[in-house]
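Observations on the model geometry
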Amino acid sequence: MCSAELTTGSAGSAAGPGFRLDHAAVKAWLSEKDPDALEALWQEADRVRKAHVGDDVHLRGLVEISSHCVRNCLYCGLRAPSRDLDRYRMEAEEILASAWEAHRLGYGSVVLQAGEDPGLTKEFIAQIIRAIKRATPLAITLSLGERSDDELRAWRAAGADRYLLRFETSDPVLYRRIHPDLPGIPSDRFAQLHRMRAMGYEIGTGVMVGIPGQTWDTLAADILRFHEFDMDMIGVGPFLPSPRTPLGGPGAVAFFADPEHQVPNDELTTLKAVALTRLVCPDANIPSTTALATLDRAQGRELGLMRGANVVMPNVTPVAYRVRYEIYPGKACVNETATACQGCLEGRIRSLRRRLGKGPGGRYSNAM
Ligand code: 5AD
Ligand code: SF4
Ligand code: FES
C-alpha cells in the first residue's frame with residue numbers, strides 16, 4: 001500500500017507536519033511561488049525519498065523496439081497520421097543485443113517500449129521475453145500500450161515483471177479529447193492497470209505536465225489518483241510539443257484552458273509534481289524522466305533526483321533507431337551511445353552523493 005497519510009503530520013505519515021495533502025493542498029502546492037515554501041517542499045520530498053526508498057538510483061535500460069503506432073494521440077509524434085516518419089520495428093536479435101547491452105552496463109532491468117503496434121505479436125514478444133530471461137538476470141518491463149488480456153497474460157507467463165501504461169490525465173473529458181478511442185473500442189487505461197495488477201505485474205503509470213487543457217485541479221487530481229491506485233512506478237514529465245501533432249502546432253491554442261487555470265509545461269511545475277508524487281506515494285519507483293532532461297539538459301536529471309525521483313531510464317536503443325523514435329523533437333541523449341550515457345549518468349549520480357542501484361530494483365523484488 002502507498003503508506004502516505006494524507007493529513008497533517010499524524011502518526012505514520014510520510015510527509016511531516018505542515019504537509020496536508022488533500023486536493024486543495026496539492027493544488028496550492030502546485031502553484032506555490034514562495035521560494036522558502038518551495039525549499040521546504042523540496043527538502044520534504046528528498047527526506048521522504050531517502051526514508052522510504054533510500055539512496056540507490058535504479059537504472060532501467062530503455063529499448064524502443066518499434067515506432068509503429070495505430071493510435072491518434074493528439075500529443076505524440078509517433079501517432080499514426082505522422083506519415084513522414086521513417087518507421088522501424090527491431091528484429092528479435094537486435095532487441096536481445098540491446099538487452100544484453102543493458103546487462104553489460106550493469107543495469108538491473110530493461111524496458112521494452114513501443115507505439116501501439118499490432119506487428120509486435122503475442123508470440124514475438126513472448127519469445128523475446130523468454131530469450132532475455134534465459135540469457136540475463138534482468139527484470140523486464142513492458143510498455144507496449146493498450147493490449148488484450150490474452151496478450152498481457154501470455155507475456156506475464158513468459159516472464160515479464162512489470163508494465164508501464166500512463167493514464168495521461170485523470171480527467172475523462174480531456175482524456176477522450178487528446179487520446180481518441182480506436183473505432184468501437186473505448187479506451188480505459190485504469191481498467192487495464194487493475195487487470196494487470198491482478199495478473200501479477202508491478203504496474204507503472206504517469207502523466208504529462210502542462211498538456212493543453214490540463215488545469216491545476218486536473219493535475220492535483222492526477223497526483224491523488226497515484227495514491228488512490230497505489231501505483232508501483234510513476235513517471236511524471238513535462239509535455240513537449242511536437243510540430244507533427246495537433247497539440248504542438250499553431251492550432252494548439254484552441255485546446256488551452258484559460259490562462260488562470262492552464263498548467264504550464266515548465267520545469268518548476270514538473271518538479272513540484274514529482275515532489276508531491278513522492279509525498280503521496282513514498283515507496284513508489286519514480287523516474288527522473290528524459291522529458292525533464294530534455295527541457296533542462298544541464299541539470300534536469302539531477303533536479304528530478306533531488307526532488308523525489310529514484311530511477312533513471314537510460315536509452316540503450318541502437319542510435320540509428322533512436323533518432324527515429326521521435327515522440328517529441330530534441331530528445332536528450334538521442335545521439336549518445338549507451339556506454340556514453342552510462343558514464344555520464346554514473347557521474348551525475350555520484351555528484352549527488354547517491355549510489356547506483358544493484359539488482360532489478362522493483363518495488364517488491366529488489367532481492368530477486
Ligand atoms: N511530450 C512529452 N511526453 C510525451 N509522451 C507522448 N507524447 C509526449 C510529448 N509530446 C509521453 C506519454 C506516453 C509516453 C510514452 O510518452 O505520456 O505515455
Ligand atoms: Fe502511439 Fe503511445 Fe504515441 Fe499514443 S503516446 S500515439 S499510443 S506511441
Ligand atoms: Fe545520456 Fe548524459 S545521460 S549523455
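Higher on the page you've got the structure.
Residues numbered from 1 in each chain as written. Chains lettered and ligands numbered in written order. Predicted model: local features only at pLDDT ≥ 70, side-chain atom pairs only at ≥ 80, totals over all residues. Heavy atoms only, no water.

With that settled, consider the overall build of the chain. Each helix and strand counted, the chain has 13 helices and eight strands in total. Expected size for 368 residues packed as a compact globule is a radius of gyration near 21 Å; at 19 Å, the chain falls within 12% of this value. When the backbone C-alpha atoms are referred to their principal axes, the chain occupies close to 55 × 45 × 40 Å. Expressed as a percentage of its 368 residues, the buried residues of the chain come to 58%. Within the chain, residue pairs in contact and separated by at least 24 positions form 77% of the contacts whose partners lie at least 6 positions apart. As displayed, the chain offers around 14,400 Å² of accessible surface, 55% of which is attributable to carbon and sulfur atoms. Where the 44 positive side-chain charges of the chain centre and where its 45 negative ones centre are 4 Å apart. (Helix = DSSP H or I, 4+ residues; strand = E, 2+ residues; numbered from the N terminus. Rg over C-alpha atoms; globule rule 2.2 N^0.38 Å. Buried < 20%, exposed > 50% of the residue type's maximum accessible area, 1.4 Å probe, protein only. Contact = heavy atoms within 4.5 Å. Areas by Shrake-Rupley, 256 points an atom, 1.4 Å probe, with all protein chains shown as cover. Lys, Arg positive; Asp, Glu negative; His and termini not counted. Charge placed at Lys NZ, Arg CZ, Asp CG, Glu CD.)

Taken together, Cys 69, Arg 71, Cys 73, Tyr 75, Cys 76, Leu 78, Arg 79 and Gly 115 make up the full set of residues adjacent to ligand 2. Taken together, the residues of the shell around ligand 2 sort by class into five nonpolar, one polar and two charged. (Near = heavy atom within 4 Å. Nonpolar A, V, L, I, M, F, W, Y, C, P; charged D, E, K, R; others polar.)

Here we come to the pairing of strand S1 (residues 56-66). In terms of burial, S1 is a largely internal element, 11 of the 11 residues being buried. Across two bridges, S1 lies against strand S8 (residues 355-356) in parallel orientation. Residue pairing in the sheet places Asp 56 in a bridge with Arg 355 of S8. Pairing of S1 with strand S7 (residues 311-312) involves two bridges; the strand directions are parallel. From the neighbouring strand, His 58 faces S7, where its bridge partner is Val 311. As defined by bridge partners, S1 adjoins strand S2 (residues 109-114) across six bridges and the pair is classed as parallel. Bridge pairing in S2 links Gly 61 to Val 110. Handedness of the crossover joining S1 and S2 through helix H3 (residues 92-104): right-handed. (Pairing = 2+ DSSP bridges. Right-handed = clockwise from strand over helix to strand, strands pointing away.)

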